[in-house]
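# Residue-level structural notes
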Amino acid sequence: MPRYVIEREFPDGLNIPVNKDGAKTCLNVVGNNATDGVTWIHSYVSLDKRKTFCVYDGPNPEAIRRVATRNGLPVNRISEVQVLDPYFYH
């Protein structure tokens, strides 16, 4: 399964509360993603919360865009990536 980094910009900042409501929001994204065979692995959030870098597995960029639309999330850039493990060279 290809792996992607999705860059998203949130001009007003990303505000997901750290409580049951936030957990429900994230689980809804996971559920919506599953309908297109997309898996949210994890995300990095900039300190100002205006940009995220989300690591996803999915069949193709079109599936990533479909689930983003379904989840009401912006997509600024999708890059297919591979793992570079520094310990591989030992």
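As shown above, the structure is provided for reference.
Structure report, in brief. Note that the structure is predicted; figures quoted are calculated from it, not measured. (Residues numbered from 1 in each chain as written. Predicted model: local features only at pLDDT ≥ 70, side-chain atom pairs only at ≥ 80, totals over all residues. Heavy atoms only, no water.)

Either a parallel or an antiparallel arrangement is found when strands of a sheet pair, and the pairing is made through backbone hydrogen bonds. A sheet is described by the order of its strands in space; here four strands give the open sequence β2-β3-β1-β4, paired in antiparallel fashion. At either margin of the open sheet sits one strand with a lone partner, and together these are β2 (39–45) and β4 (77–81). Averaged over all pairs of adjacent strands, the angle between strand axes in this sheet comes to 25 degrees, irrespective of strand direction. Its contacts with the sheet place helix α1 (residues 20–34) against β2 and β3 (51–57), and it is angled at close to 135 degrees to β2. Across the sheet, helix α2 (residues 61–71) touches β1 (3–9), β3 and β4, and the angle it forms with β1 is around 40 degrees. (Pairing = 2+ DSSP bridges. Helix = DSSP H or I, 4+ residues; strand = E, 2+ residues; numbered from the N terminus. Axes fitted to C-alpha atoms, helices over the stretch in contact; angles between N-to-C directions. Contact = heavy atoms within 4.5 Å.)

Residues spaced three or four apart along an α-helix face the same direction, because each turn holds 3.6 residues. By the burial criterion, the buried members of α2 are A63, I64, V67, A68 and N71. Buried residues of α2 fall within an arc of 135 degrees about the axis and therefore sit on the same side. Tucked inside the fold, the buried residues of α2 contact β1, α1, β3 and β4. For α2, the N-terminal cap is N60; the gap from its side-chain oxygen to the backbone nitrogen of E62 is 3.2 Å. (Buried < 20%, exposed > 50% of the residue type's maximum accessible area, 1.4 Å probe, protein only. Arc of directions from axis to C-beta. Polar contact = N/O pair within 3.5 Å; in protein donor to acceptor, adjacent residues only side chain to side chain.)

On the surface, a nonpolar cluster with roughly 450 Å² of combined accessible area is contributed by L84, F88 and Y89. Tracing the chain through its elements places Y89 in the segment after β4. (Patch = residues over 30% accessible without salt bridge, like charges linked within 9 Å, V, L, I, M, F, W, Y side chains within 5 Å. Areas by Shrake-Rupley, 256 points an atom, 1.4 Å probe, with all protein chains shown as cover. Salt bridge = Lys/Arg side-chain N within 4 Å of Asp/Glu carboxyl O.)

As a further point, take the packing of aromatic side chains. By the definition in use, this model includes one aromatic pair. Their ring planes at 20 degrees and their centres at 6.5 Å tell us that W40 and Y56 sit as a pair that is stacked. Here W40, found in strand β2, pairs with Y56, found in strand β3; they are 16 residues apart in sequence, far enough to count as distant. (Phe/Tyr/Trp six-rings, centres within 6.5 Å; stacked < 30°, edge-to-face > 60°.)

So, on to the pattern of salt bridges. Once their charged atoms are close, side chains differing in charge can pair, the charge on each being opposite to the other. If you walk through the whole model with that rule in mind, you get four salt bridges. Among the salt bridges present, the one from D36 reaches R66, with a minimum N-O distance of 2.7 Å. With D36 in the loop between α1 and β2 and R66 in helix α2, this pair connects stretches of sequence that are 30 residues apart. Since its relative accessible area comes to 17%, D36 is described here as buried. Here R70 makes a salt bridge to D36, at a shortest N to O gap of 2.8 Å.

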